[in-house]
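Listed below, chain by chain, are the residues.
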Amino acid sequence: MSVHQLLYLIKESFRTIKRHKGVTAISIIIMSLTLLILAVFLLVTDNMLMFMSQAREEMRIYVYLEDSLDRSVIEDYHRRILSMLEVEQVVFISKEEALLEFREELGEESDLLDALDTNPLPASFRIALKSAYKDKNKIELFASKVGGLEGVEEVRYGKDFLEKFSTIMKGFLYVDAFIGIVVILSTIFIISNAVRLSVVSRKRSIEILKLVGATNRFITTPFIFEGALQGGIASFIAMAMLFFIFLVGVKFLPELSFFSPEKAFAFILLCVLIGSAGSFTALRRFLRA
Amino acid sequence: MEERNVIGVYHLTKKYGDQYALKDVNLQVGNGEFVFLVGPSGAGKSTLLRLIYMDEFPTDGQVVAGSFVSTTVDRKKIPYLRRKIGVIFQDFKLLEDRDVFENVAIAMRVTGEKSYEIKKLVIHILTQVGLYHKRNDLPRKLSGGEQQRVAIARAIVNRPAILLADEPTGNLDPDVTEEILRLLFRINSGGTAVLMATHNLSLVENFGQRIVHLKDGIIHEDRLTGLGGNPSDKLSEYRWNRKRLDKQETTGELR
Ligand SMILES: Nc1ncnc2c1ncn2[C@@H]1O[C@H](COP(=O)(O)OP(=O)(O)OP(=O)(O)O)[C@@H](O)[C@H]1O
Ligand SMILES: [Mg+2]
């Protein structure tokens, strides 16, 4: 395909959009609504995944130490834990620091603690694992290793929570992937049909083009541009509508967050692709018939 | 011999269901020749032309158009055949949403020609068919004769070796008919072979050209009328005869 032809075809696709405003408007509306459903799905997924990764991120393992342990032994343990493969970070919290933190947590009721004459809280290590080791089995293994050290009273990492969390997460991912496939396929299907609407409305033109010697590529290229352009415009509209929905939703669920600019851009790009793919498949079916 | 024919039709049969549209048709058109294909409605004229520009394919037999052979042609190459054959369709087939200029230019656009080349040639051709002043009009604003001339301009803009004209004088009044015929003869004198289908034998039998009679899908006669020669001279004769006949009809003078 020559450059002249490509330029001509790009201009031509803009001209056809202008000439067939009605059909274009209808297919953009259909596309926007379809893409809105896709966008809602993606935003929910995005928030769920972010919530999950945050929960994983904030997960800590607490190793409580007996009061009888020597300072030098504690320092030795600190070094040994830090050198373990799984460990990202270790913070030692002395009995005094633990009490201070507890006081802060209690806030106004911290007076209660003044009644105590000894500090009941143990010293501890607060350990953050590397993300590759934040898997249920690996955590258990790690916990039993550290728990085996002389003078360790208890290792706590929210075992129950972790178990529930990982089954819920697995379940969510399966359901989400299933819904995702259904939503994306129906999006392509609906868009491809919307495009077919405009293909059928130009059936006569396409036939004439074939009769005067146009190749299939010459015929399909403007449609693919148009599909891409419509996909892009529709995705902007869908994004705008989603943002309004988000503004309402965030009143009820303040933890909700909107797409990052990168993700919003990726969504638009995806829609441009879906638009051109929809055009392409609609035309393929039509040109073969 | 073969090489001098630009169209070759051999034992061509076309059936729609179990109805024959064409039956064992044989026809060769030489390079630069002018042939009238005459027959009543339903004779199979349009079908024969469609088979030549390979919009359809034979039930049996073979069509050769230029270097394209119906039995072996790669369907992907058919656009290139269409660029070598100019076709004037019975129903014009103009793009309703594009102006006259674009309707002619499109035949060159599909070939990937440069824009300024397209402009130059399209303006030239539009001037030739007398439509330069209407270049920005949409087809629906044109008269039947003008639309026909747009169709002709589009068919010849790529300077094809073959021009197929399906009833190009169909619904036109005698003056316009004459104009169109004059145009086709001129194109032919430039070396383009013309195959023109018409149901109107009386219109074409006095031009001294080869006439092929088609009826019920069968060729009944293939003959050269008169002595051949320059059809444009005959056109003047045709005009003179027509004027006389018109007069007869209106005044009854010579009755
Ligand atoms: N696509 C088709 N399907 C079925 N029958 C067809 C088809 N095209 C043509 N025919 C039949 O083939 C026969 C020849 O038709 P064709 O259009 O070639 O006639 P024609 O000589 O061009 O007539 P006209 O002068 O009216 O244009 C007719 O009987 C017609 O009904
Ligand atoms: Mg016909």
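Everything discussed here concerns the structure shown above.
The paragraphs below set out a description of the structure included in this document.

About the thresholds
Residues numbered from 1 in each chain as written. Chains lettered and ligands numbered in written order. Predicted model: local features only at pLDDT ≥ 70, side-chain atom pairs only at ≥ 80, totals over all residues. Heavy atoms only, no water. Near = heavy atom within 4 Å. Polar contact = N/O pair within 3.5 Å; in protein donor to acceptor, adjacent residues only side chain to side chain. Areas by Shrake-Rupley, 256 points an atom, 1.4 Å probe, with all protein chains shown as cover. Helix = DSSP H or I, 4+ residues; strand = E, 2+ residues; numbered from the N terminus. Nonpolar A, V, L, I, M, F, W, Y, C, P; charged D, E, K, R; others polar. Patch = residues over 30% accessible without salt bridge, like charges linked within 9 Å, V, L, I, M, F, W, Y side chains within 5 Å. Salt bridge = Lys/Arg side-chain N within 4 Å of Asp/Glu carboxyl O. Buried < 20%, exposed > 50% of the residue type's maximum accessible area, 1.4 Å probe, protein only. Pairing = 2+ DSSP bridges. Contact = heavy atoms within 4.5 Å. Axes fitted to C-alpha atoms, helices over the stretch in contact; angles between N-to-C directions. Core = buried A, V, L, I, M, F, W, Y, C linked by side-chain atoms within 4.5 Å.

## Some thoughts on the site of ligand 1
All names here are of chain B.
- Ligand 1 sits among Tyr16, Ala21, Pro40, Ser41, Gly42, Ala43, Gly44, Lys45, Ser46, Thr47, Arg50 and Gln90.
- Between Ser41 and ligand 1, the recorded distance is 2.5 Å, taken from a side-chain N or O atom to an oxygen atom.
- Here Arg50 contributes a side-chain N or O atom positioned 3.2 Å from a nitrogen atom of ligand 1.
- Against a free-state accessible area of 630 Å², the protein chains account for coverage of 61% of ligand 1.
- For the shell around ligand 1, the element with the most residues is helix α1 (residues 45-52), which contributes 4 residues.
- Split by residue class, the shell around ligand 1 holds 4 nonpolar, 6 polar and 2 charged.

## Quick look at a nonpolar patch on the surface
Residue and element names in this part refer to chain A.
- The grouping of Phe14, Leu229, Ile233, Phe236 and Ile237 at the surface amounts to a nonpolar patch, some 460 Å² of accessible area in total.
- Looking at which element gives the most residues to the nonpolar patch, the answer is helix α8 (residues 216-252), with 4 residues.
- Mapped onto the fold, Ile233 is located in helix α8.
- Owing to a relative accessible area of 39%, Ile233 belongs among the partly exposed residues under this scheme.

## Observations regarding the sheet that holds strand β2 (residues 19-30) of chain B
All names here are of chain B.
- With antiparallel pairing, 4 strands are arranged side by side in an open sheet as β2-β1-β4-β5. A single partner strand is all that each edge strand has here, and the edge strands are β2 and β5 (68-69).
- Relative to β2, strand β1 (residues 5-16) runs antiparallel, the two being bridged by 8 bridges. The residue bridging Lys15 from the neighbouring strand is Tyr20, located in β2.
- α1 contacts β1, β2 and β4 (60-65) of the sheet and is inclined by roughly 120 degrees relative to β1.

## Here we look at the nonpolar core
- Within the largest apolar cluster, 42 residues are counted, with the highest numbers of intra-cluster contacts made by B:Phe36, B:Val122 and B:Met196.
- Elements that contribute at least two residues to this core include exactly β3 (34-38), α3 (100-109), α4 (115-128), α5 (144-156), β7 (162-166), α6 (174-189), β8 (193-198) and α7 (201-204) of chain B.
- Per-element accounting of this core gives the leading share, 7 residues, to α6(B).
- Beyond its immediate stretch of four places on either side in the chain, B:Phe36 contacts B:Leu181, B:Phe185, B:Met196, B:Val204, B:Phe207, B:Gln209, B:Arg210, B:Ile211 and B:Val212.
- Of all hydrophobic cores here, the second largest spans 38 residues; its members include A:Leu36, A:Leu38, A:Phe218 and A:Ile274.

## So, the sheet that holds strand β10 (residues 218-224) of chain B
Residues and elements named next belong to chain B.
- Taken in spatial order, the 6 strands line up as β6-β7-β8-β3-β9-β10 in an open sheet, and their pairing is mixed. Of all the strands in the sheet, just β6 (85-88) and β10 have a single pairing partner and so form its edges. Strand-to-strand twist in this sheet, taken as the mean axis angle between neighbours without regard to direction, amounts to 15 degrees.
- Here β3 runs beside β8; their pairing, made up of 5 bridges, is parallel. Considered in β8, the bridge of Val35 is made with Leu195.
- Running at roughly 170 degrees to β6, α5 makes contact with β6 and β7 of the sheet.

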